[in-house]
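Structural overview
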Amino acid sequence: MPRHYREQHLSGRTGWLRAAVLGSDDAIVSTSSLMIGVAASAASREAILIAGVAGLVAGAMSMAVGEYVSVSSQRDAEQADIEREKAELDTAPRAELEELARIYIERGLDRSLAMKVAEQLSARDRLGAHMRDELGINKASLARPLQAAWISAASFGCSAMVPIVGLLVAPAALRVPAVAVLSLAGLAALGAFGGHLGGAPIGRAALRVTIGGTLAMAVTAAIGRLFSVAIG
């Protein structure tokens, strides 16, 4: 193996990738669906644009707050487990060492080797060994509330511009088709990009978000049309 060889794993991207993909997908689906629903009610171009911009701002703020709260809860749970483990390591170090060795025995090592591994890992980083092998917590992948919040807000704000641009560039007769086509193209590209970054099949990733977006737009368009008929 080359001296500087290093494998490229994708799991380290999980935190920020989830926040970015969720924010972008929600932005395109919700904003385009909102605009198409308003357009289907025979609203003016200005009303549709106001709905889209309002959806962008409200959605970005909602995503930021939602991600911060949910990821903070995850981080609090992780931190509580870590603090509890620190206390146990201080009060019962031998019992914790035996516990670590039992984990390695359950993974297939014999007792003597498992104890040696536990002792050597504990000598280097006792808390880190227990976090990783007992709690399943990796220091590199600890929840980051602020990172999740700003990435979600930024990705939502940028992606929500896709249907808004479609409205601005399309002639009056093609507003709804333009918003729908650009939004579905954006969803397909987003799904493919997310699949590429996550190591998943690109076609399947693109297809599932496109189908979901199509259903959302169709439902809101139908609701907007019904309101238009009822009010008219």
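Note that the coordinates shown come from a computational prediction; the quantities given were computed from them, not determined experimentally.

Bringing the overall build of the protein into the picture now. The secondary structure content of the protein amounts to 8 helices and 0 strands. In the protein, the order of α-helices and β-strands from amino to carboxyl end is α-α-α-α-α-α-α-α. Across the 232 residues that make up the protein, the buried fraction comes to 38%. In the protein, 73% of the contacts between residues at least 6 apart in sequence involve partners at least 24 apart.

In the predicted model, the protein carries a mean pLDDT of 82, and 87% of its residues have values of at least 70. Averaged over each element, pLDDT in the protein is lowest for helix 1 (residues 14–40) (81) and highest for helix 6 (residues 161–169) (92). Confidence drops under a pLDDT of 50 for residues 5–12, and excluding neighbours within four residues, the segment shows 3 contacts in the predicted structure.

Further remarks concern the nonpolar core. For soluble globular proteins, nonpolar side chains are generally found buried alongside one another. Ranked by internal contacts, the top residues of the largest apolar core, which has 19 residues, are Met-35, Phe-156 and Leu-187. Where this core is concerned, the elements lending two or more residues are helix 1, helix 2 (45–91), helix 6, helix 7 (175–198) and helix 8 (202–231). Per element, the largest residue contribution to this core is 6 residues, and it comes from helix 1. Setting aside its immediate chain neighbours within four residues, Leu-187 contacts Asp-25, Ile-28, Val-29, Val-209, Thr-210, Gly-213 and Met-217. Within the second largest apolar cluster, 9 residues are counted, among which are Leu-97, Ile-103, Tyr-104 and Ala-129.

A few words on a nonpolar patch on the surface. A grouping of Met-161, Val-165, Leu-168, Val-169 and Leu-182 is seen on the molecular surface, where their side chains present a nonpolar patch of about 400 Å² in accessible area. For the nonpolar patch, the leading source of residues is helix 6, giving 4 residues. With respect to the helices, strands and loops of the structure, Leu-182 is situated in helix 7.

Turning to the pattern of salt bridges, a few remarks are in order. Taken as a whole, this structure holds 5 salt bridges when the rule is applied. The residue Glu-83 makes a salt bridge to Lys-86 at a minimum N-O spacing of 3.6 Å. With Glu-83 and Lys-86 both in helix 2 and 3 residues apart, this pair spans about one turn of that helix. With a relative accessible area of 41%, Glu-83 lands in the partly exposed category. Overall, the relative accessible area of 34% leaves Lys-86 in the partly exposed class. Notably, a salt bridge pairs Glu-98 with Arg-94, separated by 3.4 Å at the nearest N-O pair. Residue Glu-98 and its partner Arg-94 are located together in helix 3 (residues 93–106), separated by 4 residues, close to a single helical turn.

What counts and what doesn't
Residue positions are counted from 1 within each chain, in the order its sequence is given. Totals for whole chains, interfaces and linings use all residues, but because this is a predicted model, local features are given only for residues with pLDDT of at least 70 and pairs of side-chain atoms are given and counted only at 80 or more. Each side-chain value is derived from all of the structure's non-hydrogen atoms; neither hydrogens nor water enter the calculation. Numbering goes from the N terminus for both helices and strands, where a helix is a DSSP run of H or I of at least four residues and a strand is a run of E of at least two. Categorising residues by exposure relies on relative accessible area from a 1.4 Å probe, with only protein chains included: less than 20% of the type maximum marks a residue as buried, more than 50% marks it as exposed, and the intermediate range marks it as partly exposed. For this analysis, residues touch if any pair of their heavy atoms sits within 4.5 Å. The score called pLDDT rates the predictor's confidence residue by residue, from a low of 0 to a high of 100. What is meant by a nonpolar core is a set of buried Ala, Val, Leu, Ile, Met, Phe, Trp, Tyr and Cys residues, joined one to another through side-chain atoms within 4.5 Å. A patch is a set of surface residues, each over 30% in relative accessible area and not in a salt bridge, joined within 9 Å for like charges and within 5 Å for the nonpolar side chains Val, Leu, Ile, Met, Phe, Trp and Tyr. For every accessible area listed, the method is Shrake-Rupley and the probe measures 1.4 Å; residues are considered covered only by the protein chains on display. For this document, the term salt bridge refers to a Lys or Arg side-chain nitrogen within 4 Å of an Asp or Glu carboxyl oxygen.

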